Amino acid sequence: MKILVVEDDKEIQELIAYFLTNAGYEVDKAGDGLEGLKLLKEKKHNLVVLDIMLPNLDGKNFTKIVKGISSEYGDPIIIMLTAKTEIDDVLEGLEIGADDYMKKPFDPRELVLRVNKFLNGRKKEQITEKYRFENIEIDESRHTVTYCGEEIELSKKEYDLLLLLIQNKDLVITREQILDKVWNSNYYTGDRTVDVYISKLRDKMPELVQCIKTVKGVGYKLEEKR
């Protein structure tokens, strides 16, 4: 498994690389966002450890580019590692496509555990399933969503949220469960993130307005139209 560390602080960059290399990963390093993009495009790393405040191209714009053209960059997992710790920064990072968010100062052993969790899970994935709900079809082998016979574009988080709802049809899923499964959150981010993404799905597939039920104070439930 290949990991890219994009960090402009040389000491932190070397510290992260040391622990990840000792954990058995192949590690590349970049000191700014543009250099990181170039390396990622060439090597298609499985995961990126990403600082936000970077020269040339900051971490937020790096994430938007990578998640916007995922096939070109190999759709890597992105763990943001940054001193920007306000809740709005955390929410923005997750909403633009980061898979996890760690705050500096940090323990490199915790970072390794989080990396292991993501990459071990990806190794075990068997993407062979097709899921159908009303006029929606998800093809996991192609990572596509079809609505009323036409393929539609979803972000990674929108896709993961829709898949989770369909896999748990007729069951109530709490906001905490959604944050854990879709965002892998290890901290409280509030309800806003989940609600925003539910709204996005309803906008893109109007049929879901009737099918995604809000369970007040708990979460959401997907039901067929009656």
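Residues numbered from 1 in each chain as written. Predicted model: local features only at pLDDT ≥ 70, side-chain atom pairs only at ≥ 80, totals over all residues. Heavy atoms only, no water.

Asker: So what's going on with the overall build of the protein? Residues and values would help.
Answerer: Regarding its fold elements, the protein presents 10 helices and 12 strands. What you see for the protein is a C-alpha radius of gyration of 18 Å, in line with the 17 Å of a compact globule of 226 residues. Counting only residues that meet the buried cut, the protein has 48% of its 226 residues in that class. Of all intrachain contacts in the protein linking residues separated by at least 6 positions in sequence, the fraction that spans at least 24 positions is 60%. For the protein, the computed accessible surface area is about 11,300 Å², with 47% contributed by carbon and sulfur atoms. (Helix = DSSP H or I, 4+ residues; strand = E, 2+ residues; numbered from the N terminus. Rg over C-alpha atoms; globule rule 2.2 N^0.38 Å. Buried < 20%, exposed > 50% of the residue type's maximum accessible area, 1.4 Å probe, protein only. Contact = heavy atoms within 4.5 Å. Areas by Shrake-Rupley, 256 points an atom, 1.4 Å probe, with all protein chains shown as cover.)

Asker: Residues and numbers for the pattern of salt bridges, please.
Answerer: Scanning the model with the defined rule gives 19 salt bridges in all. Here aspartate 99 makes a salt bridge to lysine 156, at a shortest N to O gap of 3.7 Å. Of this pair, aspartate 99 sits in the loop between helix H5 (87-95) and strand E5 (100-103) while lysine 156 is found in helix H7 (residues 156-167), placing the two residues 57 residues apart along the sequence. The partner of lysine 225 in a salt bridge is glutamate 207, and the shortest N-O contact between them spans 3.0 Å. You can see lysine 225 sitting in the segment after strand E12 (219-222) and its partner glutamate 207 sitting in the loop between helix H9 (192-204) and helix H10 (208-211), a full 18 residues away along the chain. Here lysine 225 falls in the partly exposed class, since its relative accessible area comes to 36%. A network of salt bridges, in which partner residues are shared, links Lys67, Asp99, Lys156, Lys157 and Asp160. (Salt bridge = Lys/Arg side-chain N within 4 Å of Asp/Glu carboxyl O.)

Asker: Can you lay out the nonpolar core for me, pointing to particular residues and giving the numbers?
Answerer: Among the nonpolar cores identified, the biggest contains 50 residues, and Phe62, Ile136, Leu162, Ile178, Met205 and Leu208 are the most heavily contacted of them. It is H7 that provides the largest number of residues to this core, a total of 7 residues. With near-sequence residues (within four places) excluded, phenylalanine 62 lies in contact with Val6, Gly33, Gly36, Leu37, Leu40, Val48, Leu50 and Leu57. (Core = buried A, V, L, I, M, F, W, Y, C linked by side-chain atoms within 4.5 Å.)

Asker: Which residues make up the state of the cysteines, and what values go with them?
Answerer: On inspection of all chains with the given rule, the structure shows 0 disulfides. For the unlinked cysteine cysteine 211, the closest cysteine sulfur is that of cysteine 148, found at 11 Å. (Disulfide = S-S within 2.5 Å.)

Asker: Break down the sheet that holds E5 for me, citing the residues and quoting the values.
Answerer: With parallel pairing, the 5 strands of this open sheet are ordered in space as E2-E1-E3-E4-E5. What marks the edges here is a single partner per strand, and that holds for strand E2 (26-30) and E5. Across this sheet, the average inter-strand angle for adjacent strands is 20 degrees, counted without regard to direction. As paired strands, strand E3 (residues 47-50) and strand E4 (residues 77-82) are joined by 4 bridges and run parallel to one another. Residue pairing across strands places leucine 47 opposite isoleucine 77, the latter belonging to E4. (Pairing = 2+ DSSP bridges. Axes fitted to C-alpha atoms, helices over the stretch in contact; angles between N-to-C directions.)

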